[in-house]
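Residue-level listing of the chains:
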Amino acid sequence: MTLATLSLITPKSNAAAMGTSTIVPKIPPPHLNGTDHRQRCLTQLRSKATSLEKYIFLSGLKERDANLFYEFLLANMFELIPILYTPTVGDACSNYSHIWRRPEGLYVSLEHKGRIRDVLRTWPAGIASHISVVTDGSRILGLGDLGANGLPISIGKLDLYIAGAGLRPTSTLPICLDLGTNTERFLKDPLYIGLRRSRPNIAEMDAFMDEFMEAMTDVFPKILVQFEDFSTDNAFRYLDRYRHRYQCFNDDIQGTGAVVLSGFINAARLSSAASGLPLSEHKILFFGAGSAGIGVAKQLMSFFRLQGMSEEEAKDRIYTVDSKGLITADRDGLQEHKKFFARTDYSGPSLTKLVDIINYVQPTALLGLSTLRNAFSEDVVRLMSNLNKRPIIFPLSNPVSLSEVDFLDAVNWTNGQVIFASGSPYPPMLHNGVNLEPGQGNNMYIFPGIGLGTILSGAKHVTDDMVTQAAMALSAALEDEEVRVGLVYPRLVRIREISARIACAVIRQAQDEGVDRNILLRSLKDDVLIEYVKSKMWSPPAYYAATRM
Ligand SMILES: NC(=O)C1=CN([C@@H]2O[C@H](COP(=O)(O)OP(=O)(O)OC[C@H]3O[C@@H](n4cnc5c(N)ncnc54)[C@H](O)[C@@H]3O)[C@@H](O)[C@H]2O)C=CC1
Ligand SMILES: CC(=O)C(=O)O
Ligand SMILES: [Mg+2]
């Protein structure tokens, strides 16, 4: 059997096709009880020596018993999400060719050009597929071009859709586009599972992407495509190219923009309450100006617009920095996506050191989307603390090994005054006898609700205002107790409640803009709409109770 034929065999038909199916008893021992079994799974999980082994164990559990897996995930989100998602999913991607066990998603390769529809038709769920996370593996988290190893990021995001917004597992479709890789070590690795070639030029990639997107909507008429972890140029390029033609959005640009806007609204209130500074006078410095940095910066303009400022005034409160320093309009060869925020009001020598840039800008908030570990050094954080009673510092790069500053350092260097949110999770810590909880500024809070709202409303497109309303709903979801302990994001255990609220906001905005197709929802009052949304959320059945004889 050739590799090309293999890739056309669906994951489920694999064993049968190869004549290797075995008889697997379906009924558990009569005295097995669900609660005990979850505890057994937890013990097995905790016995694994490394996070990557835990990831492999969980992936096996999902294969053996998907209902149990999602029940287990919902009951232990705090412990499991950092394994299935950032940071450990980063290790899983980096090592995927070596830990690969069985097909878990769909690969669509450059070699499938001309017959992409046929490849998509092999997906077992067919037209029941509603949500697809699609990566081309070219910028997985901050880990760079991982090629075909990128599939676990699509799988992890879809697990969050299922756990966080109750999407039915069979409606989810993880895809990795295998377009080669420019990472030499994979091309030399005998176990590498992807195409052994460098990435295509833009014309070849455009032709492939056009066929892929058209085929997706032909084969899965209700599909919403979430673009994930494309390298920055292509992230902007394909969002612009397809956003008005298909149901799609880019998680790194729009999802991250929304989640950070939401956290920033709450952080700015806390900071201004301490300093007395009007909200309109906050100044934000972005360290990192890729798809995430610029996506967030554009979305954060809504924060200033909400204070009654014009677009120009809002833009003026935002400064961006890349590997060459403060981005100014007079710099030669400035990439297209960096031009919007390039400063025209600075004309001195290039500012390249972060401390010098902070001294010049005097920001109230420092946001990291740079992939540069420890970029927010002690002198940087202390300077932010000298300038602000309660500095807002969000090291948002993933995974945790690329975080611009660790929670412990940020707390100690600001004497506990920092308002902190990071891309990957940190544990709480004690400071001067007070328990401090970090926020997690990660798009996982927002994309499940955006996806659910878009699917339920049948929206033709994901509009900018749908994304902004999602951010507003998330920011308003904080409970009094969470505000009292200084959180800027709600606790993760409430994710389903929060996703329902975000979905309602997205549905309402789709209706206001007339892009909704499920027009029956228009007549529902808000309290009925939220119950409707919740009623659509899938939950794993109480499997072991149901099958006990
Ligand atoms: N928290 C969240 O929800 C999300 C976090 N991210 C994270 O954001 C990070 C960046 O993602 P992209 O924007 O797509 O990547 P990118 O590679 O396009 O952008 C990185 C940016 O950082 C800048 N940079 C790199 N080294 C620098 C240095 N030494 N000094 C100053 N700037 C430097 C680059 O010039 C570039 O502008 C990744 O780690 C990713 O995991 C991305 C999406 C969501
Ligand atoms: C969280 C996410 O989407 C990223 O780091 O790329
Ligand atoms: Mg991403």
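Just so we're clear, the structure is a prediction, and the values are computed from it rather than from any experiment. (Residues numbered from 1 in each chain as written. Chains lettered and ligands numbered in written order. Predicted model: local features only at pLDDT ≥ 70, side-chain atom pairs only at ≥ 80, totals over all residues. Heavy atoms only, no water.)

1. Observations regarding the overall build of the chain
What counts, and what does not: Note on conventions: DSSP H or I runs of at least 4 residues are helices, E runs of at least 2 residues are strands, and numbering of each starts at the N terminus. The globule rule used here is 2.2 Å times the number of residues to the 0.38 power, and the radius of gyration it is set against is calculated over C-alpha atoms. The rule is simple: take the accessible area with a 1.4 Å probe, protein chains only, and divide by the maximum for that residue type; under 20% is buried, over 50% is exposed, in between is partly exposed. Should any heavy atoms of two residues lie within 4.5 Å, those residues are counted as being in contact. Each accessible area is a Shrake-Rupley estimate made with a 1.4 Å probe; only the visible protein chains count as cover when residues are assessed. Charge convention: Lys and Arg are scored as positive, Asp and Glu as negative, and His as well as the terminal groups of each chain are ignored. Where a charge sits is defined by one atom per residue type, namely NZ (Lys), CZ (Arg), CG (Asp) or CD (Glu).
Regarding its fold elements, the chain presents 25 helices and 14 strands. For a compact globule of 549 residues, the expected C-alpha radius of gyration is about 24 Å, and the chain comes in at 23 Å, within 12% of that figure. The burial tally for the chain puts 58% of its 549 residues in the buried class. Contacts in the chain between residues at least 24 apart in sequence constitute 73% of all its contacts with a sequence separation of at least 6. Total accessible area computed for the chain in this model is approximately 22,700 Å², and 52% of it derives from carbon and sulfur atoms. Charged side chains in the chain number 57 positive and 58 negative. The centres of these two groups are separated by 4 Å.

2. What about the site of ligand 2?
Under the convention used in this document: By convention in this text, a residue qualifies as near a molecule or strand provided that one of its non-hydrogen atoms is within 4 Å of it. We call two N or O atoms a polar contact when they sit within 3.5 Å, provided that within protein one can donate a hydrogen and the other can accept it, with sequence-adjacent residues counted only if both atoms are side-chain atoms. Only Asp, Glu, Lys and Arg are considered charged in this grouping, and only Ala, Val, Leu, Ile, Met, Phe, Trp, Tyr, Cys and Pro are considered nonpolar; every other residue, Gly among them, is considered polar.
By nearness alone, every residue bordering ligand 2 is listed as Y85, R139, L141, K157, E228, D229, D251, D252, N398, N442 and N443. Interatomic distance of 3.0 Å between a side-chain N/O atom of E228 and an oxygen atom of ligand 2. For ligand 2, whose free accessible area comes to 210 Å², the fraction covered by protein is 91%. Split by residue class, the shell around ligand 2 holds two nonpolar, three polar and six charged.

3. Some points on the UniProt feature "domain: Malic enzyme NAD-binding" (unreviewed entry) in the chain
Inclusion rule: UniProt positions are given in the numbering used here, feature names are shortened, and annotations may be inferred rather than shown by experiment.
Here the UniProt-annotated "domain: Malic enzyme NAD-binding" (unreviewed entry) positions come out as residues 253-511. A helix fraction of 45% and a strand fraction of 12% characterise residues 253-511, whose end C-alpha atoms lie 23 Å from each other.

4. Comments concerning the pairing of strand β4 (residues 224-228)
Quick reminder of the rule: Strands were regarded as paired on the criterion that DSSP finds at least two bridges between them. Handedness rule for crossovers: strands pointing away from the viewer, path from the first strand over the helix to the second running clockwise, crossover right-handed.
Among the five residues of β4, five are classified as buried, and the element is accordingly described as predominantly covered. Of the two faces of β4, the one carrying L224, Q226 and E228 and the one carrying V225 and F227 are both buried. Bridge count for strand β2 (residues 131-135) against β4 is five bridges, and the pairing is parallel. In the strand pairing of β4, V134 is matched with F227. Bridging between β4 and strand β5 (residues 248-250) involves three bridges; their strand directions are parallel. The partner of F227 across the bridge, within β5, is N250. In terms of handedness, the path from β4 via helix α13 (residues 232-242) over to β5 forms a crossover that is right-handed.

5. Some words on unusual backbone geometry
Residue P87 is reached from T86 by a cis peptide bond, and omega for that bond is 10°. Take P87: it is sitting in the loop between α6 (77-84) and α7 (88-94). Cis geometry is adopted by the peptide bond preceding P399, which originates at N398 and carries an omega value of -10°. As for its position among the elements, P399 is in the loop between β10 (392-395) and α19 (407-413). With a phi angle near 55°, Q362 is a residue other than glycine that sits in the positive phi range. Structurally, the position occupied by Q362 is in the loop between α17 (354-361) and β9 (365-368). In this structure Q362 comes out as partly exposed when scored by relative accessible area, which is 40%. One non-glycine residue, N432, adopts positive backbone phi at about 45°. Secondary-structure assignment places N432 in the loop between β12 (429-431) and β13 (434-436).

6. Observations concerning the site of ligand 1
In the vicinity of ligand 1 there are 25 residues, among which R139, T232, A289, S291 and G441 approach most closely. Backbone polar atom of A289 to an oxygen atom of ligand 1: 2.8 Å apart, as the coordinates give it. One of the backbone nitrogen or oxygen atoms of G290 is found 3.3 Å away from an oxygen atom of ligand 1. Here ligand 1, which alone exposes 870 Å², has 85% of that area covered by the protein. Breaking the shell around ligand 1 down by element, the ones donating at least two residues are α14 (251-275) and α15 (291-306). Residues that form the shell around ligand 1 fall into these classes: seven nonpolar, 15 polar and three charged.

7. Focus on the UniProt feature "domain: Malic enzyme N-terminal" (unreviewed entry) in the chain
Following the UniProt record, one finds the feature "domain: Malic enzyme N-terminal" (unreviewed entry) at residues 62-243. Here residues 62-243 runs as 47% helix and 12% strand, with 33 Å between its end C-alpha atoms.

8. Some thoughts on the environment of S302
Mapped onto the elements of the fold, S302 is located in helix α15. The spatial distance from the C-alpha of S302 to the C-alpha of A314 is 7.8 Å, given a sequence separation of twelve residues.

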